[in-house]
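Understanding the architecture of this molecule
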Amino acid sequence: MATRLSILEPRTLKDRAKYQAFKSAFGFFPDVLRTIFANTELDLSCYFAVIAAFLRPSPTWTRGEVELFASFLSSQNGCNF
């Protein structure tokens with residue numbers, strides 16, 4: 001079982017309410033959103049740049065290839081995406 005980093009848990013009442021609303025609606029809260037919305041001192045600019053680059057349309061990969069890669073990667077991580 002994966003260990004959650006306490007630094008990524010919602011700290012304020014407002015953040016906890018958002019977290020609970022999302023979790024109630026979808027049954028889970030994605031780790032990528034935990035990282036994006038975390039109030040940390042970490043410099044996540046490189047992480048965001050990689051995510052943004054991956055989400056942009058690729059000149060060499062079709063949309064289907066991107067989706068296939070994402071589903072393969074999710075399966076390797078034990079995610080039911």
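The numbering scheme is per chain: residues are counted from 1 as the chain's sequence reads. Thresholds applied to this predicted model are a pLDDT of at least 70 for local features of residues and 80 or more for the giving and counting of side-chain atom pairs; totals over whole chains, interfaces and linings are not thresholded and use all residues. Only hydrogens and water are set aside when side-chain values are computed; all heavy atoms of the structure are taken into account.

**Remarks on the overall build of the protein chain**
Runs of E in the DSSP output that reach at least two residues are strands. Runs of H or I that reach at least four are helices, and both are numbered from the N terminus. Secondary structure assignment for the protein chain yields four helices and zero strands. Counted from the first residue to the last, the protein chain has its helices and strands arranged as α-α-α-α. The rule is simple: take the accessible area with a 1.4 Å probe, protein chains only, and divide by the maximum for that residue type; under 20% is buried, over 50% is exposed, in between is partly exposed. Across the 81 residues of the protein chain, 15% fall into the buried class. In these tables, accessible area is a Shrake-Rupley quantity obtained with a 1.4 Å probe, and a residue counts as shielded only by the protein chains included in the view. Accessible area of the protein chain: about 6900 Å², with a carbon and sulfur share of 64%.

**Notes on helix H4 (residues 63–76)**
An α-helix turns once every 3.6 residues. As a result, residues three or four positions apart point the same way. Here a helix's expected span is defined as the number of its residues, less one, multiplied by 1.5 Å. The first and last C-alpha atoms of H4 sit 20 Å apart over 14 residues, in line with the 20 Å expected at 1.5 Å per residue. Where H4 is concerned, the buried positions are Val 66, Ala 70 and Ser 74. An end-on view of H4 places all buried positions within 70 degrees of arc, on one side of the element. Pointing more than 90 degrees away from the buried face of H4 are the exposed residues Leu 68 and Gln 76. Picture the helix axis, draw a direction to every C-beta atom, and the arc is the one those directions span.

**Some points on the layout of surface pockets**
Looking at the second largest pocket, its volume works out to about 280 Å³. In this analysis, the protein atoms alone were mapped onto a 1 Å grid. Cavities are point sets where a 1.4 Å probe fits without being able to get out; pockets are open sets with protein on both sides within 12 Å along at least five of seven lines; lining residues have an atom within 4 Å of a point. Lining the second largest pocket are 15 residues, with Pro 10, Asp 15, Phe 29, Leu 33 and Phe 37 sitting closest to its centre. Counting only elements with at least two residues in the lining of the second largest pocket, the list comes to helix H1 (13–26) and helix H2 (31–37). Among the elements that make up the lining of the second largest pocket, the one with the highest residue count is H1 (four residues). Residue classes follow a fixed rule: Ala, Val, Leu, Ile, Met, Phe, Trp, Tyr, Cys and Pro count as nonpolar, while Asp, Glu, Lys and Arg count as charged, and any other residue, Gly among them, counts as polar. Grouping the constituent residues of the lining of the second largest pocket by class yields nine nonpolar, one polar and five charged. Grid points are joined across faces, edges and corners, and a volume is the space filled by probe spheres set on the points.

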